[in-house]
Amino acid sequence: MKNLYPSSFATVMTSLFVLLGLTTSANGENRIDTQRPDAPELAKYGQYNVGVRTLKLINPNQIDVVSIDTAQLDSSGVNSSGSDAPSLPKYDRPLTVELWYPAAEDATGSRVQTTYLRDGKTKISLHGKAMRDAGPTQSDQAYPFVIISHGYPGNRYLMSHLGENLASKGYVVASIDHTDSTYRTLNAFKSTLVNRPLDQGFVLDEIERLSETSDSFLHNMVDTQNTAIIGYSMGGYGAVIMSGAGMTKQAAESNNMVPSGLLSMYQQASTSQAKRPDSRIKTVIAFAPWGMNYNVWNEQGLADIDVPMLFVAGSVDDVSGYENGVRALWQNAKNTERALLTYENANHSAGAPMPAPEESFYFNEKLGINVSVHYTDSVWESARMNNIAQHFTTAWLGKYLKKNAEMQDYLDLVPSSNEGKWATDQSGEEKPEHTHWTGFKNRTAKGLKFEWLKPQD
C-alpha cells in the first residue's frame, strides 16, 4: 500500500506532538515535568532546585485488617466467642514515602526515578527535575508540608508531577506508598478503607519527628504546623475524613465494607473523629474523592469539615461520581469555604495521574485492560490536565499555607472558563470588561469550571 504520509510530513508531525506534550515520552523518556506552551502561569516550576529521597517508615502495632478471620465473626462483626473486644491480628505496618524538597543551589544527583506500572510487574523510569538524594537547601527557613495520597491502586509516583513541582516552589512534599493499595502490594479493599486516614496522620507525625531530630537531613526544615493533604480517589477519601468529615452510621457499621466495626473510629460524632481535623492541617485538596456516591457521608457529617477545601473532578466521573459524588461533597461541606474545579467531560483521571508511561500501552490479559487507560482520559490530554492542576494547586496552597494574598487573583474567576472574555487595549492592559481566567493565555481557558461556596452557602 502506498505511504500516504511522506517522511518529511511525519517528521514535522512528530516534532509538533513532542512540542505540545502530546506524546508519552520524548527521546524515549517518560517525562513528568512537561510544561506545554498553553500551560497556565502558575504551573511553571519555581525558584528552587528539587531533591528527592525515599523514606522507609514503620507504623508499629497496627491492626492487620487483611488477616482478620471473618469466619470467626458473627453477623454483627464481633468475635463469635462472644467477646465484646475481639482479639484482632496486629503487625508493624510498613510505609514507603517519596520525599521531594527544596535542594541546595549546587545540588547534584540522578534525575531518573524508578518505579512500576499499574501491572505491578513492569519496571519503568521516570524523568523529571528532581535529583536523587540531593543535599537540601541550607537555610533557616522551614517550608510548609504537603502529603500526597494515591488511589486504589496506585503508588507514590502516580502524582509525582505535582510532588516535584510543589517542591520547586518551597514545599516539602511526602507521597505515600499505601501498603495493600499499591500495584505491587494490592490486597483487600477493606485495608484501604481503614488505613488511609491512619497512614496520612502517621506520616505527618513522622515528618514532624524527623524535623525535630538533630541528625536528620530534615532538621528544622519542615513546618508541619502548616500542612496540607492532597488526595486522589481513595487518597481523597482519606483526606476528607482527615478534614473532619464523619462517616454515616450505616457506612461505619457495614460489615460488607469492613468487619469488626473498625470504621467506627471515623463515624460522625465519635470521640476519635471529633478530634479531627488535626490543628496542623490547614487545608485539603481532594481529587475525585471516593465515597459520597456510596453514602459514606451525609450532610450532617460533612458539616464537621473545618478547613478550606479544594475539590477537583471530572464531570463524567464514573468511579467517584460527579453530581452525586464530588459535587455533592463540595455542596454539603457547609461550614467552610470551598471551591470546585471541574474538567468538563473528563472522567476519574482528571488532573491527578502523571502522563501514561510509554510501556503502559499494551493489553494486559490479567487486568483485562490496556494498561495505559489507568493513567489517561479519553477527552483530555494528561500533561494539559497536570499543568492545570499544578496551576490551581499552587494558587490554593499559596493562599492557605503561605498566606500570599496575591494568589486570590488566580482564584477569583467567572465560574465557566468558556464565558470569560479576553479584552485588552493595544498596550496589553486589561479593559474593565476583561473576564478571561487570570493566568491563562488567550484562548486557553476552555472546558473548565471553577466555583466557590462560602460557609453556609
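Residues numbered from 1 in each chain as written. Predicted model: local features only at pLDDT ≥ 70, side-chain atom pairs only at ≥ 80, totals over all residues. Heavy atoms only, no water.

S.K.: I'd like a description of the sheet that holds strand β2 (residues 49-63), backed by residues and values.
M.R.: Reading across the sheet, the ten strands line up as β6-β2-β3-β8-β7-β9-β10-β11-β12-β15 and stay open at both edges, with mixed pairing between neighbours. Looking at the sheet topology across the chains shown, the edges are occupied by β6 (131-132) and β15 (448-453). Helix-sheet contacts for helix α4 (residues 234-242) involve β7 (143-149), β9 (222-232), β10 (281-287) and β11 (309-314), and the interaxial angle to β9 is about 135 degrees. (Pairing = 2+ DSSP bridges. Helix = DSSP H or I, 4+ residues; strand = E, 2+ residues; numbered from the N terminus. Contact = heavy atoms within 4.5 Å. Axes fitted to C-alpha atoms, helices over the stretch in contact; angles between N-to-C directions.)

S.K.: For the packing of helix α2 (residues 160-167) against helix α8 (residues 382-400), give the residues involved together with the corresponding values.
M.R.: Running from amino to carboxyl end, α2 crosses α8 at an angle of 45 degrees, the nearest separation of the two axes being 10 Å. Here α2 is positioned oblique relative to α8, judged by the angle of their axes. Read as a crossing pair, α2 and α8 show a hand that is right-handed. Facing H161, L162, N165 and L166 of α2, the residues of α8 in contact are N386, A389, Q390, T393, T394 and L397. The class makeup of the residues in the contact of α2 with α8 is four nonpolar, six polar and no charged. (Parallel < 35°, antiparallel > 145°, perpendicular 65-115°, else oblique. Left-handed = near helix turned anticlockwise from the far one by under 90°. Nonpolar A, V, L, I, M, F, W, Y, C, P; charged D, E, K, R; others polar.)

S.K.: If you had to explain the nonpolar core to someone new, which residues and values would you point to?
M.R.: Ranked by internal contacts, the top residues of the largest apolar core, which has 68 residues, are F145, V203, I207, Y237, M247, L263 and W297. Here this core gets seven residues from one element, more than from any other, and that element is helix α3 (residues 189-211). Within the second largest apolar cluster, 58 residues are counted, among which are L42, Y375, W396 and F440. (Core = buried A, V, L, I, M, F, W, Y, C linked by side-chain atoms within 4.5 Å. Buried < 20%, exposed > 50% of the residue type's maximum accessible area, 1.4 Å probe, protein only.)

S.K.: Explain unusual backbone geometry to me, and be specific about the residues and the numbers.
M.R.: Excluding glycine, a negative phi dihedral is what most residues carry, and trans is how most peptide bonds are arranged. A cis amide bond links Y152 to the next residue, P153, at an omega of -5 degrees. You can see P153 is positioned in the loop between β7 and α2. Here the amide bond leading from R276 into P277 is cis, since omega sits at 5 degrees, within 30 degrees of zero. Summarising the element assignment, P277 is placed in the loop between α5 (249-252) and β10. Backbone geometry places A269, a non-glycine residue, at a positive phi of 75 degrees. Backbone geometry at R443 places phi at a positive 75 degrees, although glycine is not the residue there. Along the chain, the position of R443 falls in the loop between α8 and β15. Owing to a relative accessible area of 70%, R443 belongs among the exposed residues under this scheme.

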